[in-house]
Amino acid sequence: MLKRPALILFFVIPVCVAFVSTHSSARRQTQTPSATREDAYRANNLGVALLEQFKYKEGADAFRRALQIDPKLALARINLGIALYNLPDLPGSQREAQAAIALAPNAPQPYYMLGLIAKSQARPDDAVGPFQQVLKLDPSDVGANVNLGQIYSQQRKYPEAIAALRAALAVEPYNATALYNLGTALIRAGQREEGQKVIQRFQEFRNRGSASQLGNNYLEQGRYADAVASTGAEPELVDRNTPAVSFADATAATFPSAKPETKEFASSMLGGRFRSNEMNAGKRESIVSSLGGSTTFFDFDGDGDLDLFWITATEQHLYRNDGGKFTDVTSNSGAIAAKFSNFNVGAVAGDYDNDGRPDLFVIRDGGLALYHNDGGGKFSDVTTAAGIPQYPFLPGSVAFVDMDHDGDLDVMVTGLADLTKTPKVDEPVFPNDFDGAPNLLLRNDGNGKFTDVTAAAKLDEVGHAVAVIPTDFNNRRDIDLLIVDYGKVPELFSNQRDGTFRNVAAEAGLGAAGNWTSAAAGDLNKDGYTDFFFGRADGPGAFAISDGHEKFKTIIAPESSANARAAQFVDYDNDGLLDCALVTDKGLVVLRNIGNAWEDVTASALKPELKSDKTSSTRLLAFADLDNDGNTDVVFLSSSGQLRVGRNGGGGNRSLRVKLAGK
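Residues numbered from 1 in each chain as written. Predicted model: local features only at pLDDT ≥ 70, side-chain atom pairs only at ≥ 80, totals over all residues. Heavy atoms only, no water.

Description of the overall build of the chain
Phase 1: Along the backbone of the chain there are 15 helices and 33 strands.
Phase 2: Here the chain has a C-alpha radius of gyration of 26 Å; the compact-globule value for 663 residues is 26 Å, and the two agree.
Phase 3: Within the span of the chain, comprising 663 residues, buried residues form 58% of the whole.
Phase 4: Taking all contacts inside the chain whose residues are at least 6 apart in sequence as the whole, residues at least 24 apart take part in 56%.
Phase 5: Roughly 26,600 Å² of accessible area belongs to the chain as shown, and the carbon and sulfur atoms make up 50% of that amount.
Phase 6: Mean positive and mean negative side-chain charge positions of the chain (66 and 83 charges, respectively) differ by 4 Å. (Helix = DSSP H or I, 4+ residues; strand = E, 2+ residues; numbered from the N terminus. Rg over C-alpha atoms; globule rule 2.2 N^0.38 Å. Buried < 20%, exposed > 50% of the residue type's maximum accessible area, 1.4 Å probe, protein only. Contact = heavy atoms within 4.5 Å. Areas by Shrake-Rupley, 256 points an atom, 1.4 Å probe, with all protein chains shown as cover. Lys, Arg positive; Asp, Glu negative; His and termini not counted. Charge placed at Lys NZ, Arg CZ, Asp CG, Glu CD.)

What follows is the structure in structure tokens.
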């Protein structure tokens, strides 16, 4: 499916990153039957790409080639029907949709296409049955409900039309097609007052430019009128053999002048118990230091390789990357080198003013800072000028993300605790027995200033957040928020496109409370929907796998994921499937994604010098391609306080580098 790209950049204390490079192929077996079937999958995916370029004839030809190779490839048969509908060749489309039902009777796409065909041929009675069948397979489908609502309105069956359109809006309240048709149906049914209110909502969304709609063109006809691509995660395409890919220590080569190290770190305080009378400045620094600081990779000088911003509780360093070798340029960086108050917690990079240079936002215990990239390696502190408010709390995480899709980056800060207040128990546990800290959503006004819209967005909650992840979890082309709190049920805020958010975690099946310490997001099974990992302090972590219908199935992660302090999805072997890397009590752990299971490949993925070097008890973990060789490298903090680099030796697969530029 062709989607509008959304820019998302974020820092989370336990480092969560979602999105990875594009690869040349998915895992493949070498047997001849699999190779032949893979050729069919390739032809099918080429057809999907052609349809997204609105080349319907060429797309149909590609699907026919796929079916010549494998006549039983159901998704190619489904897609051929979709291509012919848009050509248009309605009789051919109907024939292929009926053939697809024989191959895949539980697939909603062919029924949906039969409904569209009958509707476009002015056969409304014949269209009702197929759309109803879609709803039997997927009761929440917006497209089927809207089409049925329109048909029922034509037939003057207004109660049925109103019910179908309300069902569509319950899922997608900003759908302009559903709003307009519901308002019209209500007015015709004699419910004028409510109908006029609905029409007013339709006009508000249309004027705001945030409405979704159904249309007659490809990619606007409903989700089940979009062609289906092979994911590469099909069982017959997954090579379960462990690849000869590993990380080797490259710290000295990466930092030839001096190895970065710090003494400012402490054992993890999450779940830790201490006395109330210990809450002094030193204890506050220990709590912040236990969070581990952060490493933020960004190209500050625009030379095409990733530079490094590394912070500890009381220090911040800027390193320039020159061909995979890093030089400390902090002293010449302007405001970054200046003294600052409060203790650093984390940082995120993003171009908030759209001048083409990435800037830095730093969260601290008791404060926030925004550094503008002035060019030439210089940064200036624009915190006050940008209207960044006071934040007298311990923040948990921060994200740069365009929440309102207006083309500039907003800022989301979540709170971990209020350390200014003494806990009310003698031996408090952190953070449970401490007062929570509030969320803060800052809207970018587009003029270099930010406005606090937390309350207006309905995000004004107080908690013990350890992670915030912006992601479009339901593929409705808007940015939602996952907020993970220690000791609570995760919160999944759905973007309502009217400036507000609604917590749908319970509806989505994310109802389990836990001592969550970390989170990561990415598409693990390549179905186009975001999946999650949750690390916890009291046992193995959990994967939450999306079913593609706004619900998640929880799967307990392997035992080696227990007590994960940091988590990140990364395709370490460039095979097209996201793997999972963790920092646990036992050190760095690598779990390989083998399609329908996870395999602990730590023993082979880490060279001896990295396996023997234990990680610190903090949660600093980051992955980036430091030398532009197409392989993702790893950075973590050792138990001695040294920033260590593991260079990825790579495998036989190729990678593709893509540079996005907004217009």
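Moving on from the coordinates now.
A word on the packing of aromatic side chains
For any pair of aromatic rings, the description rests on two quantities: the centre-to-centre distance and the angle between the ring planes.
Phase 1: Considering all chains together, one arrives at 23 aromatic pairs under this definition.
Phase 2: Here Phe 532 and Phe 534 contribute two aromatic rings whose centre-to-centre distance is 6.1 Å and whose plane-to-plane angle is 45 degrees, an arrangement assigned as tilted. Neither residue differs from the other here; Phe 532 and Phe 534 are each classed as buried.
Phase 3: Taken together through their ring pairs, the aromatic side chains of Phe 473, Trp 516, Phe 532, Phe 534 and Phe 552 make up a single cluster.
Phase 4: The cationic tip of Arg 208 hangs over the ring face of Phe 205; the distance from NZ or CZ to the ring centre is 5.3 Å. (Phe/Tyr/Trp six-rings, centres within 6.5 Å; stacked < 30°, edge-to-face > 60°. Lys NZ or Arg CZ within 6 Å of the ring centre and 35° of its normal.)

As for the environment of Lys 421
Phase 1: Counting through the fold element by element, Lys 421 comes out in the loop between strand E13 (410–417) and strand E14 (437–438).
Phase 2: What makes Lys 421 partly exposed here is its relative accessible area of 44%.
Phase 3: Taking the C-alpha atoms as reference points, Lys 421 and Ile 594, 173 residues apart in sequence, are found 48 Å from one another.

Examining the domain arrangement of the chain
Phase 1: Segmentation of the chain into domains returns domain 1 (35–225) and domain 2 (268–463).
Phase 2: Spacing between the C-alpha centres of domain 1 and domain 2 amounts to 44 Å. (Domains from an automatic or database assignment.)

Concerning unusual backbone geometry
Phase 1: Each neighbour pair has its own omega, and for Leu 87 with Pro 88 the value is 0 degrees, a cis peptide bond.
Phase 2: Considering the arrangement of structural elements, one finds Pro 88 in the loop between helix H3 (74–86) and helix H4 (90–103).
Phase 3: Note the cis peptide between Phe 430 and Pro 431, where omega equals 0 degrees.
Phase 4: Inspection of the secondary structure assignment puts Pro 431 in the loop between E13 and E14.
Phase 5: Non-glycine residue Arg 497 carries a positive phi angle of around 65 degrees.
Phase 6: Looking at the element boundaries, Arg 497 is found in the loop between strand E20 (491–495) and strand E21 (501–503).
Phase 7: Arg 497 gets classed as buried once you look at its relative accessible area, which sits at 13%.
Phase 8: Positive phi outside glycine occurs at Asn 628, with the angle close to 55 degrees.
Phase 9: Within the fold, Asn 628 resides in the loop between strand E30 (621–624) and strand E31 (633–637).

Looking at the sheet that holds E31
Phase 1: Read from one edge to the other, the open sheet built from four strands follows the order E3-E32-E31-E30, with strand pairing classed as antiparallel. In this open sheet, the two edge strands, each paired with only one partner strand, are strand E3 (247–249) and E30. Sheet twist, expressed as the average angle between the axes of neighbouring strands with direction ignored, equals 30 degrees.
Phase 2: Strand direction decides the pairing type here: E3 and strand E32 (residues 643–648), joined by three bridges, are antiparallel. (Pairing = 2+ DSSP bridges. Axes fitted to C-alpha atoms, helices over the stretch in contact; angles between N-to-C directions.)

Looking at the pattern of salt bridges
Phase 1: Counting across every chain of the model gives 28 salt bridges.
Phase 2: A salt bridge links Arg 592 to Asp 573, with the nearest nitrogen and oxygen atoms 3.0 Å apart. Of this pair, Arg 592 sits in strand E28 (residues 587–593) while Asp 573 sits in the loop between strand E26 (566–570) and strand E27 (579–584), and the two are 19 residues apart along the sequence.
Phase 3: Residue classification places Arg 592 among the buried positions, given a relative accessible area of 2%.
Phase 4: Each member of the salt-bridge network shares a partner with another, and the members are Arg 37, Asp 70 and Glu 236. (Salt bridge = Lys/Arg side-chain N within 4 Å of Asp/Glu carboxyl O.)

Brief notes about the sheet that holds strand E8 (residues 343–350)
Phase 1: The strand order across the open sheet formed by four strands is E8-E9-E10-E11, and the pairing between neighbours is antiparallel. Because the sheet does not close on itself, it has two edges, and the strands there are E8 and strand E11 (378–381). Averaged over all neighbouring strand pairs, the angle between strand axes comes to 25 degrees, with direction disregarded.
Phase 2: Where strand E9 (residues 359–365) and strand E10 (residues 367–375) come together, five bridges link them in antiparallel fashion. Bridged to Arg 364 within E10 is Gly 367.
Phase 3: Across the sheet, helix H12 (residues 281–290) touches E8 and E9, and the angle it forms with E8 is around 35 degrees.

Quick look at the pairing of E31
Phase 1: In terms of burial, E31 is a largely internal element, five of the five residues being buried.
Phase 2: Of the two faces of E31, the one lined by Asp 633, Val 635 and Leu 637 and the one lined by Val 634 and Phe 636 are each fully buried.
Phase 3: Where E30 lies against E31, four bridges are found, and the strand directions are antiparallel. If you follow Ala 622 over to E31, its bridge partner there is Val 635.
Phase 4: Summarising the sheet, E31 and E32 pair through four bridges and their orientation is antiparallel. Among the inter-strand pairings, Leu 637 is bridged to a residue of E32, identified as Leu 643.
Phase 5: Following E31, the chain reverses through five residues before pairing antiparallel with E32; Gly 641 in that reversal takes a positive phi of roughly 90 degrees.

Concerning helix H9 (residues 176–188)
Phase 1: Spanning 13 residues, H9 covers 18 Å between terminal C-alpha atoms, matching the ideal 18 Å at 1.5 Å per step.
Phase 2: Where burial is concerned, most of H9 is hidden: 10 out of the 13 residues are buried.
Phase 3: The set of residues buried in H9 consists of Ala 176, Thr 177, Ala 178, Leu 179, Asn 181, Leu 182, Gly 183, Thr 184, Ala 185 and Leu 186.
Phase 4: Those residues of H9 hidden inside the fold are in contact with helix H7 (142–154), helix H8 (158–171) and helix H10 (192–208).
Phase 5: Between the side-chain oxygen of the N-cap and the backbone nitrogen of Thr 177 there are 3.1 Å, and the N-cap of H9 in question is Asn 175.
Phase 6: Positive backbone phi, at 90 degrees, marks Gly 190, one or two positions downstream of H9. (Expected span 1.5 Å × (residues − 1). Polar contact = N/O pair within 3.5 Å; in protein donor to acceptor, adjacent residues only side chain to side chain.)

Description of helix H5 (residues 108–120)
Phase 1: When the terminal C-alpha atoms of H5 are compared, their 18 Å separation across 13 residues agrees well with the 18 Å that a helix rising 1.5 Å per residue should span.
Phase 2: For H5, the tally of buried residues reaches 11 of 13 residues, placing the bulk of the element in the interior.
Phase 3: Listed as buried for H5 are Pro 108, Gln 109, Pro 110, Tyr 111, Tyr 112, Met 113, Leu 114, Gly 115, Leu 116, Ile 117 and Ala 118.
Phase 4: Looking at the buried positions of H5, the neighbouring elements they touch are H3, H4, helix H6 (124–137) and H7.
Phase 5: Following H5 by one or two positions, Ala 122 adopts a phi angle in the positive range, close to 60 degrees.

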